[in-house]
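Tertiary structure, described
If you want the building blocks of each chain, they are given just below.
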Amino acid sequence: MFGLVHLVPGDPIRLALGTRFDQETYDALRARAGLDQPLVEQFFGWAGRALRGDLGVSFRTGETVTSLISERLPATLTLAVASILVALLIAVPLGTLSALRPRSVVDRVATVLSQIGISVPEFWMAIVLILVFAGTLGWLPSGGYVPLTEDPAGWAQRLLMPAVVTGVVSGSVITRFVRSSVLEALGADHVRTAQAKGLPARQVFTWHVLRNALLPLVTVTGVQLAYLLSGVVVVEIVFSWPGLGQLALQAVQSRDYPVLQGAILLFAVVFLLINLVVDLLYTAIDPRIRR
Amino acid sequence: MSELAPLLEVADLRVRLRTPRGPAEVVNGLSYTVGRGETVAVVGESGSGKSVSVLALLGLLPARVAAVTGAARLDGEDLLTMPPERLREVRGPGVGMVFQDPMTSLNPVLTIGRQLVEGIRAHGEVSKAEARDRAAGLLAEVGLPDPRRALDRYPHELSGGMRQRVVIAIALSNNPSLLIADEATTALDVTVQAQILDLVAGLQSEHGTGVIWITHDLGVVAGIADRVLVMYGGRCVEDGSVDDVLERPAHPYTRGLLGALPDLASSDDGELATVPGTPPAPTDLPAGCVFWPRCPVRSDPRCETEQPPLAVVGASTGGLPHRAATWCSEGSSR
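Residues numbered from 1 in each chain as written. Chains lettered and ligands numbered in written order. Predicted model: local features only at pLDDT ≥ 70, side-chain atom pairs only at ≥ 80, totals over all residues.

Inclusion rule: UniProt positions are given in the numbering used here, feature names are shortened, and annotations may be inferred rather than shown by experiment.
Named according to an unreviewed UniProt entry, chain B is Peptide/nickel transport system ATP-binding protein originating from Geodermatophilus poikilotrophus. Note on chain B: under the UniProt heading Sequence similarities (unreviewed entry), the record states "Belongs to the ABC transporter superfamily." Here is the UniProt Subcellular location (unreviewed entry) comment for chain B, exactly as written: "Cell membrane".

Chain A has the name Peptide/nickel transport system permease protein in an unreviewed UniProt entry, where Geodermatophilus poikilotrophus is given as its organism. Its UniProt record, at the heading Subcellular location (unreviewed entry), says of chain A: "Cell membrane".

Re the overall build of chain B
Our working rule: Put simply, DSSP H or I for four residues or longer makes a helix, DSSP E for two residues or longer makes a strand, and each gets a number counted from the N terminus. The globule rule is 2.2 Å times the number of residues to the power 0.38, and the radius of gyration it is compared with is taken over C-alpha atoms. We call a residue exposed when 12 or fewer other C-beta atoms sit within 10 Å of its C-beta, buried when the count reaches 20 or more, and partly exposed for counts in between; the C-beta positions come from the backbone. Our contact criterion uses C-beta atoms placed from the backbone: two residues qualify when those atoms are within 7 Å.
What chain B contains, in helices and strands, is 10 helices and 12 strands. The C-alpha radius of gyration computed for chain B amounts to 21 Å, which stays within 12% of the reference 20 Å derived for 334 residues, consistent with globular compactness. Expressed along its principal axes, the backbone C-alpha trace of chain B runs to roughly 65 × 50 × 45 Å. Counting over 334 residues, chain B shows a buried share of 47%. Within chain B, counting contacts between residues at least 6 apart in sequence, those at least 24 apart form 64% of the total.

Describing the confidence of the model for chain B
Residue and element names in this part refer to chain B. Convention followed: One confidence number per residue, pLDDT, is output by the predictor and ranges from 0 to 100.
Looking at chain B as a whole, the pLDDT averages 85, with 92% of positions reaching at least 70. Element-level pLDDT for chain B is lowest in strand β11 (residues 311-312), with a mean of 82, against a maximum mean of 94 in helix α3 (residues 112-121). Reported confidence for the predicted complex is 0.85 by ipTM and 0.80 by pTM.

Notes on the sheet that holds strand β8 (residues 210-215) of chain B
Residues and elements named next belong to chain B. What counts is decided by this rule: The rule for pairing is simple: two strands pair if DSSP sees at least two bridges between them. Axis geometry follows a simple rule: fit a line to the C-alpha atoms, using only the stretch in contact for helices, then measure angles between N-to-C directions, giving values from 0 to 180 degrees.
If you walk across this open sheet you meet the eight strands as β6-β7-β8-β3-β9-β10-β12-β11, and the pairing is mixed. Across the chains shown, the open sheet's two edge strands, defined by having one partner strand only, are β6 (95-98) and β11. Inspection of the sheet shows β11 paired to strand β12 (residues 323-324) by two bridges, in the antiparallel sense. Bridge pairing in β12 places Val 312 opposite Arg 323. The sheet contacts of helix α10 (residues 252-259) involve β3 (39-43), β9 (227-232) and β10 (235-241), and relative to β9 the element is tilted by about 105 degrees.

Some points on the domain arrangement of chain B
All names here are of chain B. Threshold: Where each domain begins and ends is defined by an automated method or by a domain database.
Domain boundaries assigned for chain B yield domain 1 (1-94 + 176-264 + 271-293 + 307-327) and domain 2 (105-173). The centre of domain 1, based on its C-alpha atoms, is set 28 Å off from the matching centre of domain 2. Counting residues at the interface gives 13 residues for domain 1, matched by 12 residues for domain 2. At five residues, the largest contribution of residues to the side of domain 1 that touches domain 2 is made by helix α7 (residues 190-207).

Here's the deal with the nonpolar core
Using the following cut-off: A set of buried residues qualifies as a nonpolar core if it consists of Ala, Val, Leu, Ile, Met, Phe, Trp, Tyr and Cys joined through C-beta atoms within 7 Å.
Membership of the largest hydrophobic core comes to 95 residues, with the highest contact counts inside it found for Val 228 and Val 230 of chain B. The dominant element in this core, judged by the number of residues it contributes, is helix α6 (residues 160-172) of chain B, at eight residues. Split by domain, this core shows at least three residues from each of two domains, domain 1 (1-94 + 176-264 + 271-293 + 307-327) and domain 2 (105-173) of chain B. Core analysis: the second largest hydrophobic core is formed by 44 residues, Leu 79, Ile 84, Tyr 145 and Val 235 of chain A among them.

Quick look at the UniProt feature "transmembrane region" (unreviewed entry) in chain A
Residues and elements named next belong to chain A. UniProt feature "transmembrane region" (unreviewed entry): in the numbering of this structure it lies at residues 77-100, 112-139, 159-178, 213-239 and 259-282. Here residues 77-100 is 100% helix and 0% strand, with 34 Å between the C-alpha atoms at its ends. Between the end C-alpha atoms of residues 259-282 there is a gap of 34 Å, over a span that is 100% helix and 0% strand.

Some points on helix α5 (residues 65-100) of chain A
Rules: What a helix should span is 1.5 Å times the count of its residues minus one. In this scheme, the bend at a residue equals the angle between the axes fitted to the seven residues that finish there and the seven that begin there.
In this model α5 of chain A runs 50 Å from its N-terminal to its C-terminal C-alpha over 36 residues, within 8% of the 52 Å that 1.5 Å per residue would give. Of all bends in α5 of chain A, the biggest is about 35 degrees, found at Leu 73 of chain A, and the proline Pro 74 of chain A comes one to four residues later.

Notes on the interface of chain A and chain B
Residue-level contacts link 21 residues of chain A with 24 residues of chain B. Elements with a minimum of two residues in the side of chain A that touches chain B: α9 (189-196) and α10 (201-229) of chain A. The greatest single-element share of the side of chain A that touches chain B, amounting to seven residues, is contributed by α9 of chain A.

Side note on the domain arrangement of chain A
Residue and element names in this part refer to chain A. The condition that has to hold: Only Asp, Glu, Lys and Arg are considered charged in this grouping, and only Ala, Val, Leu, Ile, Met, Phe, Trp, Tyr, Cys and Pro are considered nonpolar; every other residue, Gly among them, is considered polar.
Here chain A is partitioned into domain 1 (2-51) and domain 2 (71-285). Just the C-alpha atoms count here: the centres of domain 1 and domain 2 sit 38 Å apart. Taken together, the contact between domain 1 and domain 2 spans 10 residues of the former and seven residues of the latter. Elements supplying a minimum of two residues to the side of domain 1 that touches domain 2: α1 (2-7), α2 (12-17) and α4 (39-51). No other element matches the three residues that α1 contributes to the side of domain 1 that touches domain 2. Of the residues belonging to the side of domain 1 that touches domain 2, the class tally is seven nonpolar, two polar and one charged.

Some thoughts on the UniProt feature "domain: ABC transporter" (unreviewed entry) in chain B
Cross-referencing UniProt, the feature "domain: ABC transporter" (unreviewed entry) maps to residues 8-258 of chain B in the present numbering. Within the segment residues 8-258 of chain B, helix and strand shares are 37% and 27% respectively, and the terminal C-alpha atoms sit 28 Å apart.

A few points about the pairing of strand β2 (residues 22-34) of chain B
Residue and element names in this part refer to chain B. Looking at chain direction, strand β1 (residues 8-19) and β2 are connected through 10 bridges and run antiparallel. When the sheet's bridge partners are listed, Leu 17 is paired in β2 with Ala 24. The antiparallel pairing of β1 with β2 creates a hairpin that spans two residues between the two strands.

Structural notes on the sheet that holds strand β5 (residues 77-78) of chain B
Within a sheet, neighbouring strands are paired by backbone hydrogen bonds and run either parallel or antiparallel to one another. Residue and element names in this part refer to chain B. Ordered by their spatial adjacency, four strands build an open sheet running β2-β1-β4-β5, and the pairing between neighbours is antiparallel. Looking at the sheet topology across the chains shown, the edges are occupied by β2 and β5. Bridge analysis of β1 against strand β4 (residues 66-74) gives eight bridges, and the strand direction is antiparallel. Opposite Val 15, over in β4, you have Val 68 as the bridge partner.

Description of α9 of chain A
Those residues of α9 of chain A not exposed but buried are His 190, Arg 192, Thr 193, Ala 194 and Ala 196 of chain A. At its buried positions, α9 of chain A is contacted by α10 of chain A together with β6 and α6 of chain B. With its phi angle positive at about 85 degrees, Gly 198 of chain A sits one or two positions after the end of α9 of chain A.

In structure tokens, the structure reads:
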């Protein structure tokens, strides 16, 4: 990953200095950024500092990478959590309905909708939403972000559209999983045992179907959440949402190695953490995995 | 078993399943009764419609693929036409059911205790603690060691035999007036099987429970059944008292089944007798006698073209008519 970042053609110092600069300033800046050292040395230097929580300083702004990231983190967290909620609100009812009536009208409509949700480009959906709700109807601001603590109403208004766009995409993916796992759970023998006990239909469904379909749902939700947390670049840009995806993109454009490395490191850590949480949830959900 | 109305009266039960290969006539006009305290054994090969016929009674076949017609009156009330909420009330206290495969009949993510308790509490105001006490009592009754601790265990922590006893405990948990056991002891070893059979017999004499026992095992049939119903191709091909059917089988298929029993005393060199061929596909039943394509007798010209009715054959014992659906029963004796 470190190597990959440095393989990207382009020189950050040159980009920062513009077109007119003298060689001395260039060399001095290069030395200060440590770019004159061999790559291997750069790497171990960076890794060693990163372990101590020092991710370096942005070439572009001079701010520390940690402060840049922690500035962006709340916006990204907010959007990711809101999106996953939207996704689950769509996916669980829709997937369940499809599974309860396979090949019915509901099922076919759900299949088509989720197929559209997966295939429609996010930027297009985002632009359509902006045109309709911010343009024609004027109900919602077209973008931006305000912290919840400053203006709760504005926060919610600005969150709604980006959360719906990313939520629809994730929700479409999750719907397919919910459908197949509920369908599988429905066909299990123990569901028949539960029915034969004379349990009310709702109890059979909640405790003997949904409860058993939870495991795949948790897995796919975790994957989707990790994806959302690593920044949804396109949606962030369309809605001018100051999240990590935008930060990473700017870092790539200006070859701001420290920021880019910091962001990628964070994404990796988030991914590992979410997988850990998913694994822990497994043991809570399925007694067969417990030891 | 007296002049009282029977506990269960099944009349002309038919089940048609929708399959990719066209409609399958899985059960074709099955009629029988089960009296209070009586045990009816249903025997037949895999695919003869035994399991489907009892699942149909409780409405446990998926409605999308199964069309069930006929009548099945439990204490005079038709199970097949009753409203869903009434059917729910009957499942459990009216009819308890033990399923075939103990490895999959229990929910893997819920404790044994929970699965028993929810069944008990679905039928009457019972506190959780009380239901747990009853659950532990039931587990003790079916011979599960350390029942209190077993309540907190999950199915995967128990062996197949223990799981099957749990399934039986669930079926018994509401003192059903009719118990349906679908290959309930097939997965158990003989000693446990004997225990379970004793337990059910005790229940029958205590509560007058009627039992439908579906099995391949003619040894079990001889041991527990009052009456035997032989199924083939979704039809009852022979029924009667256990003595009549096992001692004087009238249908060539029944004779084939009995002939296929391994006999330790026999002199032939351990070669197992079998009924050659396979049962007919329910999507493509023969026009005449369902057994005709495999039948070693076929002595009557009507066999191939005309369906034989279930008719009384020979003398009956114990007031039960001995009937068989065959054109070839005359002069039958083993």
